Amino acid sequence: MAALTKAELAEKLFEELGLNKREAKDMVDIFFDEIRDSLGRNEQVKLSGFGNFDLRDKRQRPGRNPKTGEEIPISARRVVTFKPGQKLKVRVEAYAGTQPQS
Amino acid sequence: MTKSELIENIVARQPQLSPKDVELAVKTMLDYMSQSLSSGERIEIRGFGSFSLHYRAPRTGRNPKTGETVELKGKYVPHFKPGKELRDQVNDSGEEE
């Protein structure tokens, strides 16, 4: 199935809000840039109704190159996790699709 | 950062738009994204990441208070996979200079 992209989000803003094409495209770009910048500053992002983007610090752990079998430690890192909000969870749970997405 | 702070930040970068329009745009985008996911459509934002649905198989659960068993139906849950740019930006912020 086709995926929703930035182009479609911009098209929606053009159609529904009457932003011009340039403004709509900029709006979508800035929206995701701002979320990414906030996370890059180690600041959690909370979008009520949709969900929270949280940050977690992972310690170094042992890893292995799956091709060669060689042991290489996976370095300590900070990762983003998404915790869907209640409203989004309820909406998605109701999806009666028969084909789980891969 | 909350939704209202996000709106303020966008307004600061798009001064030709009214705060009201920016607020409406943010709500429209989030609603459209929720709607896509709940109709089973993935979301792919280059440089940011992708949202998809993960299936949770039916299982027998237990009410922790009463110990009673309950049959839980299969369901879908939203899943986010950060894109490379986002992963790198977040990980770099944690490095000691």
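- With an unreviewed UniProt entry as reference, chain B is termed Integration host factor subunit beta, source organism Parathalassolituus penaei.
- Looking at chain B in UniProt, the text filed under Function (unreviewed entry) is "This protein is one of the two subunits of integration host factor, a specific DNA-binding protein that functions in genetic recombination as well as in transcriptional and translational control."
- One UniProt comment on chain B, placed under Subunit (unreviewed entry), says "Heterodimer of an alpha and a beta chain."

- Under an unreviewed UniProt entry, the name given to chain A is Integration host factor subunit alpha, and the source organism is Parathalassolituus penaei.
- Turning to chain A, the UniProt record has this under Function (unreviewed entry): "This protein is one of the two subunits of integration host factor, a specific DNA-binding protein that functions in genetic recombination as well as in transcriptional and translational control."
- Word for word, the UniProt comment on chain A under Subunit (unreviewed entry) is "Heterodimer of an alpha and a beta chain."

## A look at the overall build of chain A
Then comes step 1: A tally of regular secondary structure across chain A gives three helices and five strands.
Then comes step 2: Reading the secondary structure of chain A in the N-to-C direction produces α-α-β-β-β-β-β-α.
Then comes step 3: Here the C-alpha radius of gyration of chain A, 19 Å, is well above what a compact globule of 102 residues would show, namely 13 Å.
Then comes step 4: Oriented by its inertia axes, the alpha-carbon framework of chain A measures out at about 55 × 40 × 30 Å.
Then comes step 5: Taken over 102 residues, chain A has a buried fraction of 37%.
Then comes step 6: Long-range contacts, defined here as pairs at least 24 residues apart, represent 29% of the contacts in chain A between residues at least 6 apart.
Then comes step 7: A gap of 7 Å separates the mean positions of the 20 positive and 16 negative side-chain charges of chain A.

## Looking at the pattern of salt bridges
In a structure, side chains of opposite charge can pair up when their charged atoms sit close to one another.
Then comes step 1: Counted by the stated rule, this structure contains 17 salt bridges over all chains.
Then comes step 2: A salt bridge links R91 of chain A to D31 of chain B; its shortest N-O distance comes to 3.3 Å. Taken together, the residues span two chains, with R91 of chain A in helix 3 (residues 86-93) and D31 of chain B in helix 2 (residues 19-38).
Then comes step 3: Measuring nitrogen to oxygen at the nearest pair gives 2.9 Å for the salt bridge that ties K27 of chain B to E23 of chain B.

## Digging into the packing of aromatic side chains
By convention here, two paired aromatic rings are described through the distance between centres and the angle between planes.
Then comes step 1: The tally for this structure, following the rule as stated, stands at 13 aromatic pairs over all chains.
Then comes step 2: For the ring pair F53 of chain A and F80 of chain B, a centre distance of 5.3 Å and an interplane angle of 80° mean the geometry is edge-to-face. In this pair, F53 of chain A sits in strand 2 (residues 51-58) while F80 of chain B sits in strand 5 (residues 75-82), so the two residues belong to two different chains.
Then comes step 3: Relative accessible area serves as the criterion here: at 1%, F53 of chain A is assigned to the buried category.
Then comes step 4: Pairing F48 of chain B with F80 of chain B gives two aromatic rings, centres 5.5 Å apart and planes at 45°, and the pair type is tilted. With F48 of chain B in the loop between strand 1 (43-45) and strand 2 (49-56) and F80 of chain B in strand 5, this residue pair connects regions lying 32 residues apart in the sequence.

## Observations regarding the sheet that holds strand 5 of chain B
All names here are of chain B.
Then comes step 1: Taken in spatial order, the three strands line up as 1-2-5 in an open sheet, and their pairing is antiparallel. Each edge of the open sheet carries a strand with a single partner, namely strand 1 and strand 5. Strand-to-strand twist in this sheet, taken as the mean axis angle between neighbours without regard to direction, amounts to 30°.
Then comes step 2: Note: strand 2 against strand 5, eight bridges, orientation antiparallel. When the sheet's bridge partners are listed, F51 is paired in strand 5 with F80.

## Thoughts on the interface of chain A and chain B
How big an interface is tends to be reported as the loss of accessible area on association of its parts.
Then comes step 1: Taken together, the 55 residues of chain A in the interface contact 53 residues of chain B.
Then comes step 2: Each partner contributes to the roughly 5,300 Å² buried at the junction of chain A and chain B, and carbon and sulfur atoms together form 67% of this total.
Then comes step 3: The interface formed by chain A and chain B contains four salt bridges.
Then comes step 4: Put simply, E34 of chain A and R13 of chain B hold a salt bridge, and the shortest N to O gap is 2.9 Å.
Then comes step 5: For the interface between chain A and chain B, the tally reads 16 residue pairs in polar contact (both at pLDDT 80 or more).
Then comes step 6: Those elements that place two or more of their residues in the side of chain A that touches chain B are helix 1 (6-17), helix 2 (21-40), strand 1 (45-47), strand 2, strand 5 (77-84) and helix 3 of chain A.
Then comes step 7: Broken down by element, the residue count for the side of chain A that touches chain B peaks at 15 residues, all from helix 2 of chain A.
Then comes step 8: Among the residues making up the side of chain A that touches chain B, the classes are represented as 29 nonpolar, 10 polar and 16 charged.

Each value, and the rule that gives it
- Residues numbered from 1 in each chain as written.
- Chains lettered and ligands numbered in written order.
- Predicted model: local features only at pLDDT ≥ 70, side-chain atom pairs only at ≥ 80, totals over all residues.
- Heavy atoms only, no water.
- UniProt positions renumbered as here; feature names shortened; annotations may be inferred.
- Helix = DSSP H or I, 4+ residues; strand = E, 2+ residues; numbered from the N terminus.
- Rg over C-alpha atoms; globule rule 2.2 N^0.38 Å.
- Buried < 20%, exposed > 50% of the residue type's maximum accessible area, 1.4 Å probe, protein only.
- Contact = heavy atoms within 4.5 Å.
- Lys, Arg positive; Asp, Glu negative; His and termini not counted.
- Charge placed at Lys NZ, Arg CZ, Asp CG, Glu CD.
- Salt bridge = Lys/Arg side-chain N within 4 Å of Asp/Glu carboxyl O.
- Phe/Tyr/Trp six-rings, centres within 6.5 Å; stacked < 30°, edge-to-face > 60°.
- Pairing = 2+ DSSP bridges.
- Axes fitted to C-alpha atoms, helices over the stretch in contact; angles between N-to-C directions.
- Buried area = accessible area lost by both parts, 1.4 Å probe.
- Polar contact = N/O pair within 3.5 Å; in protein donor to acceptor, adjacent residues only side chain to side chain.
- Nonpolar A, V, L, I, M, F, W, Y, C, P; charged D, E, K, R; others polar.

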